[in-house]
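Structural features, examined
Residue-level listing of the chains:
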Amino acid sequence: MSFQLNEEQRTIRDVVREFGENEIRPVAREHDDERKYPHELVEKAAKYDLVAPSIPEEYGGAGMDMLTTAVITEELWRADPGIGSAIGSRGFGTTMIEKFGDEWMKEEWLPKVAAGDAATCSCISEPAHGSDVASIETRAEEDGDEYVLNGTKMWITNGTIADVAVVMAKTTPGERHRGITAFLVPTDLDGFETTKISNKLGIRASDLAEVVLDDVRVPAENVIGAVDQGFYQLMTFFAGGRTSVAAQAVGVGQAAVDAATDYANEREQGGQKIREYQAVSHKLAEMATNIEAARSLTYRAATHVEDGDDQTAAKFASMAKLFASEQAVDVADEGIQVHGGAGFVTDHPAERFYRDARITKIYEGTSEIQKNIIADQIL
């Protein structure tokens with residue numbers, strides 16, 4: 001099976017890479033230091049169809065497939081994970097709207113997101129429930145032709161900047177996964193309150209928040225899909241989401257390889273470039289090999305997601321996320337080692353890549369959860 005990019009995909013990759021080098025990298029450290037969301041860069045990225053590129057053309061998007069989207073994600077994270085995350089997650093939740101939402105939902109929100117004029121978020125995790133989605137406690141109680149939502153959501157990407165949220169809530173108390181419903185919730189409704197989480201280890205340019213729903217009233221027509229079907233709807237997207245995280249990991253891992261290689265070519269010790277020491281050159285060789293292996297597995301997962309075989313896609317997406325995220329963290333760690341003391345300070349981006357890579361082992365399902373999924377598939 002070949003995962004070579006076609007001419008169009010290579011062109012898109014090159015455009016994103018140039019955008020990253022010219023627009024993102026020069027301001028990456030500033031946004032990380034100041035924990036500043038890159039609003040202007042998001043607007044520029046939208047002009048290149050880099051914001052939610054999978055949105056169908058009929059709704060103003062580019063209609064790109066999973067492999068092309070993964071390539072875009074990889075290049076954005078290669079330029080800078082924090083800003084890359086902000087751009088890449090701008091439409092987090094649009095796939096749920098596209099696949100299960102009513103036509104009015106698609107027409108109202110998808111063109112705005114594709115144009116960079118609106119942001120979405122997905123409110124799933126809670127303070128006590130991360131990996132165990134079936135146990136969420138946020139409730140949605142029917143009241144006439146409305147639903148009243150109450151609960152707290154945690155670790156919500158785009159929480160403070162989103163214009164609309166996809167909220168998972170229990171509509172049938174006492175049930176686990178069978179009693180969850182997805183709602184489309186505009187964030188300007190009364191009772192929708194957010195608190196920014198700013199003390200993050202990495203990807204500091206992206207937005208993260210706690211969301212509190214205090215008697216938020218939404219019309220019954222804002223149910224996405226069908227009542228009590230939200231969990232099943234959500235499960236269909238995990239393969240794509242995990243493949244995207246794998247692409248993120250490949251991107252930051254490649255950035256760490258690039259930085260370490262550049263430093264080895266510049267740094268002199270003992271009268272020669274440190275690249276000439278076998279201990280350093282072998283380290284770089286292993287780093288590059290491991291990231292290339294992660295890239296191949298990620299591209300394979302992307303093709304399976306696009307093919308639509310849910311079981312195969314789930315297995316390879318979990319494999320790709322597990323392997324790529326583990327390699328990204330290890331490679332970023334080795335990148336620090338190549339830099340020596342210089343890698344321990346902010347004068348070089350190596351320490352930022354080390355911090356940024358760590359999240360890829362946690363969100364969209366921890367490495368431990370991925371191992372459970374893979375084991376279930378092969379056993």
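This structure is a prediction, so every number in the text was calculated from the model and none was measured. (Residues numbered from 1 in each chain as written. Predicted model: local features only at pLDDT ≥ 70, side-chain atom pairs only at ≥ 80, totals over all residues. Heavy atoms only, no water.)

1. Describing the domain arrangement of the protein
By domain assignment, the protein separates into domain 1 (7-115), domain 2 (120-228) and domain 3 (231-377). Inter-centroid distance (C-alpha atoms) of domain 1 to domain 3 is 20 Å. Residue-level contacts link 21 residues of domain 1 with 31 residues of domain 3. Both faces considered, domain 1 and domain 3 share a buried interface measuring about 2100 Å² in area, 64% of it formed by carbon and sulfur atoms. Looking only at domain 1, the three residues that lose the most surface to domain 3 are Met66, Glu74 and Trp77, adding up to 31% of its buried area. Remark: the boundary between domain 1 and domain 3 carries four salt bridges. Two residues, Arg352 and Asp80, come together in a salt bridge whose shortest N-O distance is 3.0 Å. The interface formed by domain 1 and domain 3 includes seven residue pairs in polar contact (both at pLDDT 80 or more). (Domains from an automatic or database assignment. Contact = heavy atoms within 4.5 Å. Buried area = accessible area lost by both parts, 1.4 Å probe. Salt bridge = Lys/Arg side-chain N within 4 Å of Asp/Glu carboxyl O. Polar contact = N/O pair within 3.5 Å; in protein donor to acceptor, adjacent residues only side chain to side chain.)

2. Considerations on the packing of helix 1 (residues 7-34) against helix 3 (residues 66-79)
In contact at an axis separation of 9 Å, helix 1 and helix 3 are set at 25 degrees when each is read in the N-to-C sense. Viewed along their axes, helix 1 and helix 3 adopt a mutual orientation that is roughly parallel. Helix 3 is crossed by helix 1, and the crossing has right-handed handedness. Residues Gln9, Ile12, Arg13, Val16, Arg17, Gly20, Ile24 and Arg25 of helix 1 touch helix 3, and the partners they reach there are Leu67, Thr68, Val71, Ile72, Glu75, Leu76, Arg78 and Ala79. (Axes fitted to C-alpha atoms, helices over the stretch in contact; angles between N-to-C directions. Helix = DSSP H or I, 4+ residues; strand = E, 2+ residues; numbered from the N terminus. Parallel < 35°, antiparallel > 145°, perpendicular 65-115°, else oblique. Left-handed = near helix turned anticlockwise from the far one by under 90°.)

3. Section: the nonpolar core
Membership of the largest hydrophobic core comes to 48 residues, with the highest contact counts inside it found for Ile24, Ile87 and Met168. Looking at this core, the element that brings in the most residues is helix 6 (residues 103-114), giving five residues. Once you skip the residues sitting within four places of it in the chain, Met168 turns out to touch Met96, Cys123, Ile124, Ile136, Thr138, Lys153, Ile180, Thr181, Ala182, Gly230, Phe231 and Leu234. Residues Ala255, Ile274, Ala320 and Ala324 belong to the second largest nonpolar core, which totals 31 residues. (Core = buried A, V, L, I, M, F, W, Y, C linked by side-chain atoms within 4.5 Å. Buried < 20%, exposed > 50% of the residue type's maximum accessible area, 1.4 Å probe, protein only.)

4. Some details on the UniProt feature "domain: Acyl-CoA dehydrogenase/oxidase N-terminal" (unreviewed entry) in the protein
According to UniProt, the feature "domain: Acyl-CoA dehydrogenase/oxidase N-terminal" (unreviewed entry) maps to residues 6-117 in the numbering used here. Between the end C-alpha atoms of residues 6-117 there is a gap of 31 Å, over a span that is 70% helix and 0% strand. (UniProt positions renumbered as here; feature names shortened; annotations may be inferred.)

5. Comments concerning the layout of surface pockets
One number sums up the size of the second largest pocket: a volume of about 280 Å³. Together, 16 residues line the second largest pocket, and Arg25, Ala259, Asp262, Pro349 and Phe353 are the ones closest to its centre. Those elements that provide at least two residues to the lining of the second largest pocket are helix 1, helix 3, helix 8 (238-266) and helix 11 (350-357). At six residues, the largest contribution of residues to the lining of the second largest pocket is made by helix 8. A class-by-class count of the residues in the lining of the second largest pocket yields seven nonpolar, two polar and seven charged. If you count residues domain by domain, the lining of the second largest pocket takes at least three from each of domain 1 (7-115) and domain 3 (231-377). (1 Å grid on protein atoms, 1.4 Å probe; cavity = no way out; pocket = protein on both sides within 12 Å on 5 of 7 lines; lining within 4 Å. Points joined across faces, edges and corners; volume = space filled by probe spheres on them. Nonpolar A, V, L, I, M, F, W, Y, C, P; charged D, E, K, R; others polar.)

6. What to know about empty space enclosed by the protein
Summed over the entire model, instances satisfying the criterion amount to two cavities of 30 Å³ or more. Computed from the structure, the largest cavity encloses a volume of approximately 40 Å³. Forming the boundary of the largest cavity are Val16, Arg17, Gly20, Glu21, Arg25, Glu75, Arg78 and Ala79. Counting residues per element, the ones that place at least two in the lining of the largest cavity are helix 1 and helix 3. In terms of residues, the lining of the largest cavity owes the most to one element, helix 1, which gives five residues.

7. Focus: the pairing of strand 4 (residues 164-170)
By the criterion of burial, strand 4 is predominantly enclosed, with seven of the seven residues buried. The side-chain alternation of strand 4 yields two buried faces, one formed by Val164, Val166, Met168 and Lys170 and the other by Ala165, Val167 and Ala169. Two elements, strand 1 (residues 120-123) and strand 4, share four bridges in a ladder whose sense is parallel. Along strand 4, the bridge assignment pairs Cys123 with Val167. (Pairing = 2+ DSSP bridges.)

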